[in-house]
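Observations on chain architecture
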Amino acid sequence: MVRVMRIERWDPRRDGALSEAALRLKLETRGYEVSTCRWAPGTAVGPEAHLRERVDAVVSGLMRITIDEESAILTAGDLVFVPRGANRSVQIVGASPAQSFDAVYQGVPRK
């Protein structure tokens, strides 16, 4: 199956000012359980497939995300949707650390 990487960029006109709290709330209101990841510069995580749909959301720094064979560099406020069963790898780009949210879909949006 051919998949196309789905990326959503933070839009301050629609989403307001970007902050860690606002990004977390955006994910939680869509039904995702959110955990925080902190990454050292140069960190690389090899391909992994997960049983649940998830989102990687960049809080700070630059991250190269590869889903199956497609890659993109994401920056603060970017979300990438990772389909269930897709192979996902992460690489921190540049000399700065990065922070992201690993959000797993739970199916029950927060009100």
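In the block above lies the structure referred to throughout.
A few points on the structure.

Before going further, it helps to examine the pairing of strand β8 (residues 87-93). In this structure, strand β3 (residues 44-49) lies alongside β8, joined through 4 bridges in antiparallel fashion. Bridge pairing links E48 to R88 in β8. As defined by bridge partners, strand β5 (residues 62-67) adjoins β8 across 6 bridges and the pair is classed as antiparallel. Residue pairing in the sheet places R64 in a bridge with Q91 of β8.

This part is about the side chain of R54. Position of R54 relative to the elements: it lies in strand β4 (residues 54-60). A distance of 2.8 Å separates a polar atom in the side chain of R54 from a polar atom in the side chain of D102. Among residues more than four places away in sequence, those in contact with R54 are Y32, V80, F81, V82, R88, D102, A103 and V104.

Turning next to the nonpolar core. As a rule of thumb, soluble globular proteins bury nonpolar side chains together. In this structure, M63, I65 and I67 are the most contacted members of the largest nonpolar core, which totals 14 residues. Among the elements that make up this core, the one with the highest residue count is β5 (3 residues). Setting aside its immediate chain neighbours within four residues, I67 contacts M5, V80, F81, V82, P83, A86, N87 and R88.

This brings us to the sheet that holds strand β1 (residues 6-8). Ordered by their spatial adjacency, 5 strands build an open sheet running β1-β7-β4-β9-β2, and the pairing between neighbours is antiparallel. The outermost strands of the open sheet, each flanked by one partner alone, are β1 and β2 (32-39). Strand-to-strand, the axes of this sheet are offset by a mean angle of 25 degrees, without reference to chain direction.

Attention shifts here to the pattern of salt bridges. Tallied over the entire structure, the rule returns 11 salt bridges. Residue E8 is joined to R14 by a salt bridge in which the shortest nitrogen-to-oxygen separation is 3.9 Å. Since its relative accessible area comes to 53%, R14 is described here as exposed. Among the charged side chains, a network of salt bridges with common partners joins E8, R14, D15, K26 and R30.

Rules used in this analysis
- All residue numbers refer to position in the chain's written sequence, counted from 1.
- In keeping with the predicted nature of the model, local features appear solely for residues at pLDDT of at least 70, side-chain atom pairs appear and are counted solely at 80 or more, and the whole-chain, interface and lining totals rest on all residues.
- Water and hydrogen atoms were dropped before computing side-chain values, which therefore reflect all heavy atoms in the structure.
- At least two bridges found by DSSP between two strands is the condition for calling them paired.
- A run of H or I in DSSP counts as a helix once it spans at least four residues, and a run of E counts as a strand once it spans at least two, with each numbered from the N terminus.
- Pairing of N or O atoms within 3.5 Å defines a polar contact, subject to two protein rules: one partner must be a possible hydrogen donor and the other a possible acceptor, and residues neighboring in sequence count only if both atoms are side-chain atoms.
- Residue contacts are defined here by distance: any two heavy atoms, one from each residue, within 4.5 Å place the two residues in contact.
- The set of buried Ala, Val, Leu, Ile, Met, Phe, Trp, Tyr and Cys residues whose side-chain atoms join them within 4.5 Å is what this entry labels a nonpolar core.
- Summary of the burial criterion: residues with accessible area below 20% of their type's maximum are buried, those above 50% are exposed, and those between are partly exposed, where the area comes from a 1.4 Å probe applied to protein chains only.
- The convention used is that axes are lines fitted to C-alpha atoms, helices contributing only their stretch in contact, and that angles between N-to-C directions extend from 0 to 180 degrees.
- Any carboxyl oxygen of Asp or Glu within 4 Å of a side-chain nitrogen of Lys or Arg constitutes a salt bridge here.

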